[in-house]
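Commentary on secondary and tertiary structure
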Amino acid sequence: QSVNVTAGFTKIGGNMDVNEIIHKTTLSTEEMVFVVEQCVKEKKDRVVDINLLKGLNSQDPFFQMRYQNQLMLLDQAYNKSCEYFFEKLRDDEKETEKAGN
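The present account deals with the structure reproduced in this document.

Topic: a negative patch on the surface
Residues Glu83, Glu87, Asp91 and Glu95 make up a contiguous surface patch of negative charge. Mapped onto the secondary structure, Glu95 falls in helix H3 (residues 63–100).

If you want it as structure tokens, here you go:
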């Protein structure tokens, strides 16, 4: 099974590739969300729609703090998702080496 997961991401109107994103050093929030959503889809066979603003009220005096907390949770989930995809990539490379020998 290939690590290259390409899917349409209508929120920004283009296609994203997990393998491409996880190798980048600068990411958008949308790219991080996409990687996490794809990881959940692959590991749990569930489609999720991550909405960082859900339940937040921009009029709330603590809005910025709560949004920053959402970003921190996204960062943690993104890092775990990257671990999964990098491990999968290593496994794919090992399988390719075995097939070549």
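Picking up after the structure, the text goes on.
A word on helix H2 (residues 29–44)
Along its 16 residues, H2 runs 22 Å from first to last C-alpha, staying within 8% of the 22 Å computed at 1.5 Å per residue. Within H2, the full set of buried residues consists of Glu31, Met32, Val33, Phe34, Val35, Val36, Glu37, Gln38 and Cys39. With its phi angle positive at about 55°, Asp45 sits one or two positions after the end of H2.

Quick word on the packing of aromatic side chains
All chains considered together, the criterion is met by two aromatic pairs. Residues Phe63 and Tyr67 carry aromatic rings whose centres are separated by 6.1 Å and whose planes lie at 10° to one another, so their mutual orientation is stacked. Within this pair, Phe63 and its partner Tyr67 are both found in helix H3, separated by four residues, close to a single helical turn. Considering the side-chain rings of Tyr84 and Phe85, the 5.1 Å spacing of their centres and the 70° angle between planes classify their relative orientation as edge-to-face. Judged by relative accessible area, Tyr84 falls into the partly exposed class, the value being 23%.

A short note on H3
Taking 1.5 Å per residue, 38 residues should reach 56 Å; H3 reaches 54 Å between its end C-alpha atoms and fits that length. Residues of H3 that are buried: Phe63, Leu74, Tyr78, Ser81, Cys82, Phe85, Lys88 and Leu89. Packing partners of the buried residues in H3 comprise helix H1 (18–22) and H2.

Observations regarding the nonpolar core
In globular proteins that are soluble, nonpolar side chains generally tend to be buried together. The biggest cluster of nonpolar side chains holds 15 residues, and the ones touching the most others in it are Ile21, Ile22, Val35, Leu74, Tyr78 and Phe85. Where this core is concerned, the elements lending two or more residues are H1, H2 and H3. Beyond its immediate stretch of four places on either side in the chain, Val35 contacts Ile21, Ile22, Tyr78, Ser81 and Phe85.

Let's talk about the environment of Ile21
With respect to the helices, strands and loops of the structure, Ile21 is situated in helix H1. Judged by relative accessible area, Ile21 falls into the buried class, the value being 3%. Each residue touching Ile21, except ones within four places of it in the same chain, is listed here: Met16, Leu27, Glu31, Phe34, Val35 and Tyr78.

Parameters at a glance
Residues numbered from 1 in each chain as written. Predicted model: local features only at pLDDT ≥ 70, side-chain atom pairs only at ≥ 80, totals over all residues. Heavy atoms only, no water. Patch = residues over 30% accessible without salt bridge, like charges linked within 9 Å, V, L, I, M, F, W, Y side chains within 5 Å. Areas by Shrake-Rupley, 256 points an atom, 1.4 Å probe, with all protein chains shown as cover. Salt bridge = Lys/Arg side-chain N within 4 Å of Asp/Glu carboxyl O. Lys, Arg positive; Asp, Glu negative; His and termini not counted. Charge placed at Lys NZ, Arg CZ, Asp CG, Glu CD. Helix = DSSP H or I, 4+ residues; strand = E, 2+ residues; numbered from the N terminus. Expected span 1.5 Å × (residues − 1). Buried < 20%, exposed > 50% of the residue type's maximum accessible area, 1.4 Å probe, protein only. Phe/Tyr/Trp six-rings, centres within 6.5 Å; stacked < 30°, edge-to-face > 60°. Contact = heavy atoms within 4.5 Å. Core = buried A, V, L, I, M, F, W, Y, C linked by side-chain atoms within 4.5 Å.

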